[in-house]
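Architecture at a glance
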Amino acid sequence: MADVKRRPFALSWQAKLIALLIFVYALYAAGQLDFSLDRFQRGLGHAATLLGRMFPPHIQQPETLWQGLVESLEIAVLASVLGILIALPVGLLGARNLMPVWASWPARAIVALCRSLHPVIVAILFVKAVGFGALAGILALAVASIGFIGKLFTESIEEISLKQVEAVRATGASFANVILFGVLPQVFARFIGFATYQFDSNLRNSTMVGIVGAGGIGGTLFSAFQRFDYDFVAAILITLIIIIMLGEVLARFVRSVFLDNLGFDTLFSRRFNAARGLGSKPLAKPEADE
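Residues numbered from 1 in each chain as written. Predicted model: local features only at pLDDT ≥ 70, side-chain atom pairs only at ≥ 80, totals over all residues. Heavy atoms only, no water.

On to the side chain of T220, then. Examined against the element boundaries, T220 turns out to sit in helix α9 (residues 217-226). In contact with T220, other than residues within four places in its own chain, are T64, F232 and I236. (Helix = DSSP H or I, 4+ residues; strand = E, 2+ residues; numbered from the N terminus. Contact = heavy atoms within 4.5 Å.)

Now the structure itself:
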């Protein structure tokens, strides 16, 4: 009997029906929300006017801008460290393949609670609780970090191979050593990725929480909008873009140091050679001293 060739990306009638229903509902939602082409075109005109007032950028208050950036960076670092330190045990307790039900469900409930509200909403709550300033922003972003890293860390632990865990356990190792030598090596690479991404996210979210009074450059940005200093707004936004790009480069260095075990001299040599276009052959890892 000849094999029947199926067309690639062939959809069943149920999938086609669901796609059609989603498209119809999208049209209905657009009508309910007063979304029209004419309004969109008028918005483009207003956006062009706004961009015209934003350029060229002008830093009117360099000291205020610098203080806001430093405070945002401090908020992001402290919130990431605090969130990671709390998310590690919470994520471990939430793994159902290692922990009993009475431990995993409360940990999962904590993670779900931390992920339920947007960081801006949480920041408003902390502003009401502890007052205006960086402390509210740190606490709000720490809650967001616990929710994000805790969930992904739990899922990563649940996907590990239990053979390595059983092998370490068979040696008579304690529970702490089983976690240290049987679990963490399997999820360490993912955890570094989660941590670097969350730091990048906290650096961006520190601007948003600052708008509601939780410290950082967001307060400066909001004040510039209120004063209609759009050229200063453009300068702040461009500075934020540069900071985020530098954070991405820093995250790549961190991953190379922790995951590839490369030294800073090797990293800088690799970047320098790549910039000069000297081939694509990776440098060898430094050998351990005998």
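Alright, that's what it looks like, and here's the rest.
Next up on the list: a nonpolar patch on the surface. Taken together, the side chains of W13, L17, L20, L21, F23, V24 and L27 present a nonpolar region at the surface, about 760 Å² in accessible area. For L20, the location among the structural elements is in helix α1 (residues 13-32). What makes L20 partly exposed here is its relative accessible area of 48%. (Patch = residues over 30% accessible without salt bridge, like charges linked within 9 Å, V, L, I, M, F, W, Y side chains within 5 Å. Areas by Shrake-Rupley, 256 points an atom, 1.4 Å probe, with all protein chains shown as cover. Salt bridge = Lys/Arg side-chain N within 4 Å of Asp/Glu carboxyl O. Buried < 20%, exposed > 50% of the residue type's maximum accessible area, 1.4 Å probe, protein only.)

With that settled, the discussion passes to the packing of aromatic side chains. Geometrically, a pair of aromatic rings is defined through the distance of the ring centres and the angle of the planes. All chains considered together, the criterion is met by five aromatic pairs. Taking the centre distance of 5.3 Å and the plane angle of 35° together, the rings of F148 and Y197 count as tilted. Taken together, the residues F148 in helix α6 (residues 134-158) and Y197 in helix α8 (residues 175-211) connect sequence positions 49 residues apart. One aromatic cluster in this structure is built from F225, F228 and Y230. (Phe/Tyr/Trp six-rings, centres within 6.5 Å; stacked < 30°, edge-to-face > 60°.)

So, on to α9. Inspection of α9 places I217, G218, T220, L221 and A224 among the buried residues, and these make up the whole buried set. Along α9, the residues classed as buried sweep out an arc of 160° about the axis, all on the same side. (Arc of directions from axis to C-beta.)

Before going further, it helps to spend a moment on the side chain of Q198. Along the chain, the position of Q198 falls in helix α8. Take Q198: its relative accessible area is 4%, and that puts it in the buried class. Within polar-contact distance, the side chain of Q198 engages the side chain of S145 at 3.3 Å. Apart from the residues within four sequence positions on either side, Q198 is in contact with S80, A144, S145, F148 and I149. (Polar contact = N/O pair within 3.5 Å; in protein donor to acceptor, adjacent residues only side chain to side chain.)

On to the environment of V209, then. Along the polypeptide, V209 turns up in helix α8. Apart from the residues within four sequence positions on either side, V209 is in contact with P119, A123, G137, L141, A214 and G215.

Right, let's get into the pattern of salt bridges. What the rule picks out here adds up to eight salt bridges. Residue K151 is joined to E155 by a salt bridge in which the shortest nitrogen-to-oxygen separation is 2.9 Å. Residue K151 and its partner E155 are both found in helix α6; the two are separated by four residues, about one turn of the helix. With a closest N to O distance of 3.2 Å, D200 and R204 form a salt bridge. Taken together, the positions of D200 and R204, both in helix α8 and four residues apart, correspond to about one turn of that helix.

What follows concerns the nonpolar core. One recurring pattern in soluble globular proteins is that nonpolar side chains are buried together. By size, the foremost hydrophobic cluster in this structure holds 19 residues, and its most contacted members are L92, L98, I157, I160 and V183. If you list the elements that add at least two residues to this core, you get α3 (62-93), α6, α7 (162-170) and α8. The greatest single-element share of this core, amounting to six residues, is contributed by α8. If sequence neighbours within four positions are ignored, L92 has contacts with L98, M99, F153, I157 and I179. Of all hydrophobic cores here, the second largest spans 13 residues; its members include L69, A224, Y230 and A235. (Core = buried A, V, L, I, M, F, W, Y, C linked by side-chain atoms within 4.5 Å.)

With that settled, the discussion passes to the confidence of the model for the chain. For the chain, the mean per-residue pLDDT works out to 82, and 86% of the residues sit at or above 70. The model gives residues 283-290 a pLDDT under 50, and that stretch makes nine contacts with residues more than four places away or in other chains. (pLDDT = per-residue confidence, 0-100.)

Another aspect to go through is the packing of helix α4 (residues 101-116) against α6. Here α4 crosses α6 at 135°, and the two axes come no closer than 7 Å. The angle between the axes of α4 and α6 places the two elements in the oblique class. By crossing handedness, the relation of α4 to α6 is classed as left-handed. Residues R108, V111, C114 and R115 of α4 form the contact with α6, whose own contacting residues are V143, I146, G147, F148, G150, K151, T154 and E158. Grouping the constituent residues of the contact of α4 with α6 by class yields five nonpolar, three polar and four charged. (Axes fitted to C-alpha atoms, helices over the stretch in contact; angles between N-to-C directions. Parallel < 35°, antiparallel > 145°, perpendicular 65-115°, else oblique. Left-handed = near helix turned anticlockwise from the far one by under 90°. Nonpolar A, V, L, I, M, F, W, Y, C, P; charged D, E, K, R; others polar.)

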